[in-house]
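A look at the structure
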Amino acid sequence: MNSDSSLKKAALCLVLLCAAQLVTSVDQNNFKKCDQSSFCRRCRTMQPGSAPFALVEDSFQISTHDVKAILLNKENNVQFTLVLTSLRDNTLRLFINELSPMRPRFQVPFVLNELELNNNIKFHSKNPANISMTIGDEHAVTFTYDPFVLNVFQDEKVVISVNSKGLMKFEHLRTKTDQEEDGAWEESFHSHHDSKPYGPTAVALDFSFPDVDHVYGVPEHADSFALRTTDGGEPYRLYNLDVFEYELDSPMSLYAAIPFVTAHNSRHSVGVFWLNAAETWVDVTRSRSSLTGDVMSKIVSFVSGAGGDSEAPRSSSNVRFMSESGVIDAYLTLGPSPYDVTRQYATLTGTAPLPPYFSLAYHQCRWNYNTQKDVQEVSTQFDTHDMPMDVMWLDIEYTDQKKYFTWDPTKFAHPNEMVNNLTSTGRKLVVIIDPHIKRDAGYFLHDDATNNGYYVKNKDGNDFEGWCWPGSSSYLDFMNPVVRDYLASRYSLDNFPGSSLDVHIWNDMNEPSVFNGPEVTMHKDCKHYGDVEHRELHNIYGFTNVMATFDGLLKRSNYQQRPFVLTRSGFAGSQRFGAIWTGDNMAEWSHLKISLPMCLSLAISGWSFCGADVGGFFKNPDAELFTRWYQTGAYLPFFRGHAHIDTRRREPWLYGAATTALVREALRARYALLPHWYTLFHEHEITGAPVIRPLWFEFPQDTNTFSMENQFLVGNSILVRPVTDEGATQVSVYFPGPQEVWFDRDTYEAFTQTGTVTIAVSISKIPTYQRGGSIVPVRERVRRASSLTLQDPFTLMVALNVNGTAKGSLYLDDGQSYEYRKGEHISLSLSFANSVLTSRFASKGRLPTESWLERVVILGVPHNSYSKARIQSKSLGTTFTEVSYNSGTKSLSVRKPKVNMGEEWTISIE
Amino acid sequence: MSHLVTLGVLLSSVWATSSDVLKPRGVSLMKASLYQPASEFTCFDGSLTIPFTYINDDYCDCQDSSDEPGTSACPNGTFHCLNIGHAPRDIPSSRVNDGICDCCDGSDEYQSKKNCRDTCFEEGRSAREEAERLAEILKQGSAVRDQLVTKGKQLKEEKKVRLEQLQKEEQEAEAIKEEKDEIKSRVEALESVALKKYKEIEEREREEREKLEKEEERKREWEEAQHHFKTFDLNKDEKITKDELQHFSEFDLNKDNQVAEDEINAYMGEMNELTVEDFFEKSWPNLKPFIRHLQKEAARAEEAKKQAAQQEEYEKQQQLLRQQNQQMRGDVLPEQLQEPQVQEPPLDEAASHEDLGEEEEEADHNEEEEETGRGEVENVAGPATPNPPKYDEDTQRLINEANKAREHFEEADRNLRDIQREKKQIEEAMDKDYGPHEEFAFLEGECFEFTDREYKYKLCPFDETSQRPKNGGAETKLGNWGKWLEDSNYSIMLYDRGHTCWNGPQRSTHVRIRCGLENELISVTEPNRCEYLFEFTTPAACVAHSREVHDEL
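It should be emphasised that the depicted structure is a prediction, and the values quoted were computed from it without experimental measurement.

Points about the overall build of chain A
Helix and strand counts for chain A come out as 15 helices and 55 strands. The 910 residues of chain A split such that 65% are buried. Taking as baseline every contact in chain A between residues at least 6 positions apart, the subset at least 24 positions apart corresponds to 73%. Approximately 30500 Å² of chain A is accessible, and the part contributed by carbon and sulfur atoms is 49%.

Next up, the structure:
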């Protein structure tokens with residue numbers, strides 16, 4: 001008895017000690033594991049093949065664009081409607097809902113573009129076991145009645161199989177009985193109680209991809225680019241959370257959730273978009289076709305019907321989505337190329353509109369620049385050190401006591417003066433506006449929101465109160481169109497004194513973050529506009545916040561100026577409103593490294609405008625890490641230095657002269673390439689192609705690239721291999737593709753072999769390569785800010801492929817307005833063949849420009865057989881200029897062709 | 001000559017015409033001769049020779065940027081503004097024609113849409129006025145500084161003299177202390193002999209007291225045993241049997257729900273039945289520890305219950321705290337959550353480092369008190385004596401003498417230590433660096449304050465820096481005098497080893513010192529968390545070569 005109790009005491013002390021020491025990394029106990037979320041537990045305990053769903057054979061109705069049928073839960077005879085719709089551009093929608101639910105089930109608004117139906121469905125055949133239709137020329141589907149399975153064929157092979165693992169779940173709405181499972185009608189997590197008045201409402205469905213070993217997506221996670229299998233571990237979780245000091249290589253939720261998965265093998269790519277905004281978990285498994293009872297093993301070619309097939313799939317990847325509530329609304333994008341999949345997904349959820357030019361340049365942030373004098377001094381220091389910088393940022397401390405849309409009366413007493421100071425050197429300001437509102441009587445926003453019922457309500461119908469930066473706060477309910485309009489109107493220049501059209505917006509903490517809430521967010525039984533529980537729409541809260549902000553910025557300029565908004569939280573479709581960053585990372589090499597797969601995952605899931613806090617948010621980077629981070633950040637779409645309030649100041653000149661010079665070079669490399677970035681963002685707006693891409697987008701058959709995440713492509717022509725290891729003196733670079741040439745962008749050295757090459761990397765070196773066959777436009781004149789360069793001349797980097805040809809494009813406009821949509825832009829198609837470089841308009845757009853061509857550098861010219869260049873353009877007529885050949889680098893330079901970029905021209909090397 | 005003029009006209013867009021010397025645009029007068037239009041141009045680094053027409057043709061030929069002094073074509077070039085009427089200036093080439101007027105003569109924007117006005121004369125004039133004003137401050141300050149140097153040297157001399165004096169005084173005081181110590185020992189020996197018989201009396205009284213206490217204890221035990229006897233004597237026959245004891249589950253040591261005989265034999269003293277006397281003599285000695293154990297168990301169970309309740313409360317608070325800590329951007333939290341105000345557990349590890357400095361100081365202090373407190377006269381008769389015995393006349397006299405000797409000794413000892421303390425202070429002060437000419441010495445012992453919106457900051461030069469909330473509250477030390485920063489040429493003081501920040505480093509302060517007519521703390525900022533920057537002006541910093549002069553009067 002005695003020893004027993006002393007043991008207990010020892011154990012007690014241990015627990016307390018641990019609690020006291022848990023300060024340096026994520027406290028996993030604060031966040032749910034699957035078995036702590038009752039619906040996930042219920043979904044995950046299901047055995048494969050146990051889904052009790054069967055299609056009612058005589059319920060099928062087939063039209064040219066859809067197939068409807070009744071789906072029956074054989075255990076309880078609850079009926080569901082199933083609709084398969086054919087959409088434009090090789091996309092199918094699978095929708096399943098209760099036939100007669102007790103109350104309407106939530107369907108996610110705002111996310112989808114208008115869907116265009118495709119009238120290409122034809123009945124093909126049926127038999128007692130299944131029914132088949134063709135969809136267009138290349139696709140077909142087969143429904144197996146019992147158990148319900150949907151197979152999608154492309155060129156007679158199954159590419160997606162739905163419910164073939166038999167793990168579908170659809171918990172119908174019901175009245176409470178005594179035999180409910182634990183956690184079905186209420187559950188608790190730590191001290192937080194979830195009242196769950198509507199009981200169990202989960203939906204789950206499995207999708208199998210035969211012959212596929214690599215699946216990607218479902219961001220945002222701090223994990224590998226190619227998804228890991230989750231059997232035996234936790235599923236990937238999609239539930240937007242403010243995770244303090246997040247852990248790497250983990251399927252834990254982070255700030256954003258995009259339930260879109262891409263499956264790729266060397267023959268094709270397909271995607272599945274699971275449109276559900278409730279808490280969602282995603283299991284990834286891999287199975288062999290020999291598994292008994294696996295429906296996949298019985299799947300055969302569409303034409304030959306039932307029976308064996310010599311080319312049975314060797315293995316399959318299976319992705320199962322499990323959501324707490326809502327309906328089953330899945331979109332199957334059938335590719336077949338990676339670019340087809342991103343375009344098809346963009347057709348559903350939209351692309352990012354062309355961002356303002358400045359937003360692709362370098363951003364300087366810190367929590368916090370202390371005073372407006374501080375802001376001005378930092379801006380001046382960038383000039384003193386001759387480092388380009390476009391945007392200064394203000395974190396929460398600029399406000400008057402965390403009341404957004406106000407300024408600290410002492411530290412930021414004259415914001416207009418501060419903004420004018422910045423714009424006088426072509427710079428901008430971004431300020432933070434969070435969705436939590438300080439509960440302070442007399443604060444206009446709180447008073448408006450209280451008086452008009454603009455806040456999210458708790459389960460009892462009163463304004464929900466939680467803790468955030470300002471202390472006691474309430475949260476705007478953006479589900480209400482009036483509230484979105486209200487927030488939007490706050491951004492008007494009249495309503496936000498101190499702001500101007502050069503002040504842009506950062507929406508943070510919009511998961512939403514609630515310091516004292518369950519898992520640091522809002523209770524699921526809170527109520528939104530339309531009597532919708534927070535549970536149903538949690539993952540689009542941040543989306544709606546940014547949607548309203550974007551709208552506000554559009555309206556404040558009377559739709560003349562492109563907004564720039566940065567958000568931490570987001571959902572599918574958020575790419576339409578702004579950029580995202582990977583949240584509160586850490587000044588550690590591993591965090592630098594993970595920024596690549598994190599942004600790549602977002603990029604192939606529709607959201608290209610991504611970056612990580614350069615330098616790392618928490619902790620202090622040393623000079624080497626700091627340098628490598630700038631060198632890496634310069635090649636990610638969103639490029640911002642940021643730091644936690646407890647870190648040492650780290651403006652880029654504070655690490656001594658050597659580091660200052662290195663960072664200056666990294667910044668200049670970014671600025672030189674801005675025309676290319678801008679052209680890629682424009683391409684993204686039109687085609688949905690990601691701005692940064694995994695190698696397999698361009699080399700889909702090269703299996704070596706499928707798991708690669710330490711190198712990537714900017715567009716299709718620049719290969720980047722950041723140095724992300726401490727003390728690295730060399731790195732391995734993989735050069736993909738047969739018959740390709742890759743030119744080192746610093747030395748012009750050509751790499752013609754496929755495979756891995758060891759490259760020496762001094763601290764000044766970040767290996768980047770231009771692909772033979774490409775033309776990349778750069779602006780070599782780097783000025784204080786990108787806005788000062790819009791009329792500057794260009795250099796064209798022409799990298800020849802094995803055939804001695806190259807092509808590229810250049811997009812130009814005013815960098816800030818929407819006039820480009822009315823034709824005020826220049827879109828050039830550049831090509832080089834037979835020693836002739838030509839520029840032709842690729843669109844009808846025209847825009848007068850002062851920009852001219854100052855230099856052409858042609859890489860991969862084997863011999864010096866040229867003496868001059870003949871230039872022809874309308875305004876110059878025919879002129880000649882000299883060329884110079886460098887036999888060491890095998891490059892030819894054309895001196896000052898002087899042609900205007902706003903007209904078509906030809907340069908012949910003679 | 002006419003040849004040159006023709007060339008000048010030809011290249012009018014390339015050549016600056018505002019100067020008497022013909023030179024390419026953006027070139028300083030000093031470098032003008034390096035650009036000779038009559039010949040080809042070789043880049044300064046010798047890497048390339050180009051026709052002279054390539055100079056300033058808006059195309060970068062030279063890797064060292066030397067061919068484009070007047071355009072933005074080269075990445076690392078500079079553009080020279082003559083700025084007649086003000087100071088000439090070199091700007092990076094990237095600022096040429098970028099739409100921003102950098103040179104006051106506007107020469108950098110010769111092709112941009114920006115119409116830059118020549119403001120050199122106005123700017124030059126105000127710059128000259130400012131320079132004059134600062135020169136005047138410097139002049140006046142410098143005169144004051146001369147006096148401060150004299151004063152500093154005088155202070156140093158005074159210290160030296162005083163130190164020598166103290167050394168002498170110390171020797172004398174040591175001798176006196178020795179003498180008094182000797183007297184004290186002698187008188188205390190006599191006192192000790194006289195007190196001996198009183199000690200013996202005390203001893204006897206103590207023994208008697210103890211005997212009495214023992215009897216009382218036995219009486220209490222008897223009563224307690226009787227009480228338990230009555231409890232066990234279920235049939236009230238004044239005898240206890242095994243059957244009776246077997247009714248008490250407390251004796252079920254092996255927890256088999258039965259009280260076996262062997263489990264109670266030990267308490268029956270090998271008898272079948274016990275009278276109350278038997279019980280007291282034979283059973284009670286064995287039973288007593290067992291009963292005591294049971295009582296303790298019960299108390300412990302109660303305590304455990306209480307602790308569990310407290311623990312639960314603590315865990316709850318920890319849970320909440322952890323959530324807050326996640327975001328710990330201090331000021332946003334509910335007051336009660338800001339610091340872990342949890343009663344449990346008083347773990348040493350949990351002790352705030354912030355307090356350590358203070359604790360150490362306190363410990364030093366206590367030691368001193370103990371030293372001076374030894375040998376008080378009241379202790380002679382022992383601390384536990386309830387009634388100090390009355391001493392006879394002789395003894396009392398000896399005691400009085402001894403007390404007096406002790407007093408004298410204490411006084412001598414105190415005197416010596418006072419001297420030593422002062423000596424140490426002066427030695428420390430003489431080790432401090434008051435500037436190359438002792439010009440900052442006069443600041444020792446002074447304090448200067450600066451108040452902003454929230455805090456009152458204090459600088460006590462060569463001692464410490466601190467802050468105190470304006471609306472009351474404890475003072476926080478921002479640093480103790482450390483040193484002059486190397487390479488700062490006596491312009492920056494470092495105060496370090498201040499109070500530790502919550503979850504952060506020890507506070508420290510840089511004090512930047514500039515020439516001004518007043519000794520004044522003019523601003524305090526915190527550029528890095530827990531690293532403060534004080535700006536202090538003093539005439540002591542007004543030396544002729546000092547460039548930085550405080551520009552506010």
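Quick look at the overall build of chain B
Per the secondary structure count, chain B includes eight helices and 16 strands. When the 553 residues of chain B are sorted by exposure, 37% land in the buried category. When the accessible surface of chain B is totalled, it reaches about 33900 Å², and 49% of it is carbon and sulfur.

With respect to the pairing of strand 15 (residues 214-217) of chain A
All names here are of chain A. In strand 15, alternate side chains face the same way, and those of His214 and Tyr216 on one face and Val215 and Gly217 on the other are all buried. In the sheet, strand 15 pairs with strand 18 (residues 260-264) via four bridges, with the strands oriented antiparallel. When the bridges of strand 18 are listed, Gly217 appears paired with Val261.

Comments concerning the confidence of the model for chain B
Residue and element names in this part refer to chain B. Chain-level statistics for chain B give a pLDDT mean of 82 and a share of 81% at 70 or above. Note on residues 1-13: pLDDT under 50 across the span, and six contacts to partners over four residues away in sequence or across chains. Confidence over residues 328-385 falls short of pLDDT 50; this stretch has 70 contacts with residues more than four positions distant or in other chains.

Comments concerning the packing of aromatic side chains
The way to describe two aromatic rings as a pair is by their centre distance and the angle between their planes. Residues and elements named next belong to chain A. Tallied over the entire structure, the rule returns 72 aromatic pairs over all chains. Here Tyr443 and Phe444 contribute two aromatic rings whose centre-to-centre distance is 5.4 Å and whose plane-to-plane angle is 80°, an arrangement assigned as edge-to-face. Relative accessible area serves as the criterion here: at 2%, Tyr443 is assigned to the buried category. With a relative accessible area of 28%, Phe444 lands in the partly exposed category. An aromatic cluster is present here, built from Phe358, Trp393, Trp506, Phe564, Trp581, Phe609, Phe638 and Phe681 joined pairwise through their rings.

Concerning the sheet that holds strand 39 (residues 712-714) of chain A
Overall, antiparallel pairing links the six strands, which are arranged 38-39-40-45-42-43 (chain A) in an open sheet. The sheet terminates laterally at strand 38 (692-693) and strand 43 (750-751) of chain A, the two strands that pair on one side only.

Focus: the nonpolar core
Residue and element names in this part refer to chain A. Phe143, Ile160, Phe207 and Phe209 are the most contacted members of the largest nonpolar core, which has 225 residues in total. A domain-level breakdown of this core finds at least three residues from each of domain 1 (44-349) and domain 2 (433-487 + 508-558). By size, the runner-up hydrophobic cluster in this structure holds 30 residues, among which are Ile775, Leu853, Met901 and Ile907.

Description of the state of the cysteines
Residues and elements named next belong to chain B. For the coordinates displayed, the defined rule picks out ten disulfides over all chains. Sulfur-sulfur distance for the disulfide between Cys60 and Cys74 comes to 2.0 Å. Residues Cys60 and Cys74 are joined by a disulfide whose S-S torsion is about 105°; by sign, that bridge is right-handed. Linking Cys60 in the loop between strand 4 (49-50) and strand 5 (78-81) with Cys74 in the loop between strand 4 and strand 5, this pair joins segments that are 14 residues apart in sequence. This pair shows no difference in class: Cys60 is buried, exactly as Cys74 is. Covalently, Cys447 is tied to Cys460 through a disulfide, its sulfur atoms 2.0 Å apart.

So, how was this worked out
Residues numbered from 1 in each chain as written. Chains lettered and ligands numbered in written order. Predicted model: local features only at pLDDT ≥ 70, side-chain atom pairs only at ≥ 80, totals over all residues. Heavy atoms only, no water. Helix = DSSP H or I, 4+ residues; strand = E, 2+ residues; numbered from the N terminus. Buried < 20%, exposed > 50% of the residue type's maximum accessible area, 1.4 Å probe, protein only. Contact = heavy atoms within 4.5 Å. Areas by Shrake-Rupley, 256 points an atom, 1.4 Å probe, with all protein chains shown as cover. Pairing = 2+ DSSP bridges. pLDDT = per-residue confidence, 0-100. Phe/Tyr/Trp six-rings, centres within 6.5 Å; stacked < 30°, edge-to-face > 60°. Core = buried A, V, L, I, M, F, W, Y, C linked by side-chain atoms within 4.5 Å. Domains from an automatic or database assignment. Disulfide = S-S within 2.5 Å.

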